[in-house]
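Read off the chains here:
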Amino acid sequence: MARSVPPWPFSGVALLLLFISSPVAAAPIDDARALLRFKESLRNASALKNWVVGTTPCQQDPKRRWVGVLCYNETLWGLQLEDMGLTGMIDVDALVGLKNFRTISVARNGFDGNFPSFSKLGALKSIYLSGNEFSGEIPAEAFAGMSSLKKLFLSRNEFTGNIPVSLTKAPKLFELRLDDNQFTGNIPDFKQEDLKLVNISHNKLEGPIPAALSNLDSSLFSDNEDLCGKPLDISCRSSKKNTSTALLVILIIIGVAVALGIVWAILAFFRRDSSQEDEFSQTAKGKTVDEDRLERGSPRYSSVEKKMAREQKEQGMLLFVGNDRERFELQDLMRASAEVLRSSNFASSYKAVLPSGPALVVKRFREMNGVGREDFHEHMRRLGRLKHPNLLPLVAFYYMRDEKLLVTDFIGKESLVQALHGNRSPNCPTLDWPTRLRIVKGVARGLSFLHNELPTLIVPHGHLKSSNVVLGENYEPLLTDYGLAPVMSKDAKQLLVAYQSSEYAQTGQVTRKSDVWSLGILILEILTGKYPANFLPKGGSNGGADLAGWVNSIVREEWTGEVFDKDMDGTENADGEMLKLLTIGLGCCELDMEKRWDLAKAAMKIEELKEMEYDESSYASDGEVHTTAMTDNDLSLSRNN
């Protein structure tokens, strides 16, 4: 009789197999090894010098964390390798093993060649390749299977061929930027409901714009000569008619040219010196013979030579960023009556009144040599396309190697720094609480807009302070000097407020939260009436950290009511709302970036604030401060770190 096998060995094997196949028991991903392999494919990777064997990318200590690595709870989820001068290739295969990898940005480096095979990273949510030298056609199925893809930025490269049709099958695609390439053919039929922005300007596309994109701004389709349909003011029917008419005109011109050529051949013998006369006449008009031939498209000149000639022509020109402004020349600015508004190591500002009437502000920058002419032009045009009620728009710019000018409108009212700290007469009171709250809300809205529209910039503003907030007629705030970090020279960047944050002092790096730091210091300045520069340590600069320290010291002593500006009127029944704003300001000024609020949270809390308390409801969110009808004696603060 066969002996029965006890059940426990089978159960043990089954449990062992279950244990081996369980994700919990799987060996942890070796993030460091994967990134070191990725680094090997790069050239000029000196910026990644702390990517070394024996360390881990997502260390808890920010000082020891690998440069450009994005982590959450010590888990690697992305790479942000922007403006590092990197070249070589992007080894996608090295990143395949990173199971939590969701975003990659190598914007504004020197990568070239074909589009990397990112479809191997099916869980990617965002890809930022703008400002490189990638070229060639992108395969039609390059994005097949990328069901999580939300943002794709390929601007300012040299891609050719059709827009990959597989992008229309990315269900979560939210934002697509393909501008400033050489894409051809028709625009594929995008049908994603969540697709909010598609920028395909400055390409060579043709045909009708799909109906799903017809509600977008027309500027997103500009500089594609053969596109038609809404939102452009070109009907596809008239476009075809115009093409036929143009073809007919060209044929007629060719026929006339042939006839004239025959006549010219007959008369050539009698007009041997005509070329010399022609050259003299062109020179008399202010052109050289070579310039005239170049403009007429002589085959003697290559595309490179034409490009060089255009660059020389553009040198010294005042370039406008929009078509809605009256044009004027640099000489008009030079002849205009001028008044010095401000001068510093960073820039000098002048008020110029043109003969035609409008008053402008001309800012002259001494240390704006971070990029070459083409990149500078592109970045200024990018800033010029930004439109928001709380941004002072760029009107025009001027580029020379040693001279950069930015032109904006002159706003008649004072800047925020003057309104808070300037000498005032008795008939000119200081800003009251409702006005200060409106200013803070406007600043937060403008800053949030910059962070949404300039996602590839490490610090989308970079220089937020009270002197860079101009006040309109109704005290609406307008942010100035935003988005300049990418074009500043390395040494000059340290003059920007964001580069005075605690993280830069500790690690030599700034992050998007450095703008949040600047917002927090500005909020504290508005509430306290204290000028941050007065709190700087002797002979040093800390971006206003000592103002935050002073506020914290008052709070710890439970004298919170003493913090607020004594000259601030309109504070009746507003103690609780003022305290909430103080809480937000301190949350934005946390020295530890991990504890510092992010901009979305700060902006949301600011929007919830009112000019006064209409009830005694508590302000309790995520363990933050609870207030009711408080007095100066019992105001106290506890912050959510």
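The paragraphs below set out a description of the structure included in this document. Nothing here was measured: the structure is a model prediction, and the numbers come from that model. (Residues numbered from 1 in each chain as written. Predicted model: local features only at pLDDT ≥ 70, side-chain atom pairs only at ≥ 80, totals over all residues. Heavy atoms only, no water.)

**Quick word on the sheet that holds strand 17 (residues 337–343)**
With antiparallel pairing, the 6 strands of this open sheet are ordered in space as 16-20-21-19-18-17. Lying at the two open borders of the sheet, with one neighbouring strand each, are strand 16 (318–320) and strand 17. Along the sheet, successive strands turn relative to each other by an average axial angle of 25°, direction set aside. Where strand 16 lies against strand 20 (residues 394–400), 3 bridges are found, and the strand directions are antiparallel. Within the sheet, the bridge partner assigned to L319 lies in strand 20 and is F397. This element, helix 9 (residues 373–384), spans strand 16, strand 20 and strand 21 (403–409) of the sheet and lies at about 175° to strand 20. (Pairing = 2+ DSSP bridges. Helix = DSSP H or I, 4+ residues; strand = E, 2+ residues; numbered from the N terminus. Axes fitted to C-alpha atoms, helices over the stretch in contact; angles between N-to-C directions. Contact = heavy atoms within 4.5 Å.)

**Description of a negative patch on the surface**
A grouping of E206, D223, E225 and D226 is seen on the molecular surface, where their side chains present a negatively charged patch. For D223, the location among the structural elements is in the loop between strand 14 (204–208) and strand 15 (226–228). (Patch = residues over 30% accessible without salt bridge, like charges linked within 9 Å, V, L, I, M, F, W, Y side chains within 5 Å. Areas by Shrake-Rupley, 256 points an atom, 1.4 Å probe, with all protein chains shown as cover. Salt bridge = Lys/Arg side-chain N within 4 Å of Asp/Glu carboxyl O. Lys, Arg positive; Asp, Glu negative; His and termini not counted. Charge placed at Lys NZ, Arg CZ, Asp CG, Glu CD.)

**Some details on the state of the cysteines**
Following the criterion strictly, the structure yields 2 disulfides and no others. The disulfide that involves C58 links it to C71, with 1.9 Å between the sulfurs. Residues C58 and C71 are joined through a disulfide that is left-handed, its torsion about the S-S bond being -75°. With C58 in the loop between strand 1 (42–43) and strand 2 (69–72) and C71 in strand 2, the pair connects residues that are 13 residues apart, well separated along the chain. For the pair C58 and C71, one class covers both residues: buried. Linked covalently through their sulfurs, C228 and C236 form a disulfide whose S-S length is 2.2 Å. Disulfide C228 to C236: torsion about the S-S bond roughly 95°, handedness right-handed. The buried category is assigned to C228, whose relative accessible area is 4%. (Disulfide = S-S within 2.5 Å. Buried < 20%, exposed > 50% of the residue type's maximum accessible area, 1.4 Å probe, protein only.)

**Considerations on the sheet that holds strand 7 (residues 126–128)**
Two orientations exist for strands paired in a sheet by backbone hydrogen bonds: parallel and antiparallel. One open sheet holds the 7 strands; their spatial order is 2-3-5-7-9-11-13, and the pairing between them is mixed. The sheet is open, and its two borders are formed by strand 2 and strand 13 (197–199), each paired with just one other strand. When strand polarity is set aside, the average angle formed by the axes of neighbouring strands in this sheet is 15°. Here strand 3 (residues 75–80) pairs with strand 5 (residues 103–105) via 3 bridges, running parallel. Paired with G78 across the strands is T103, a residue of strand 5.

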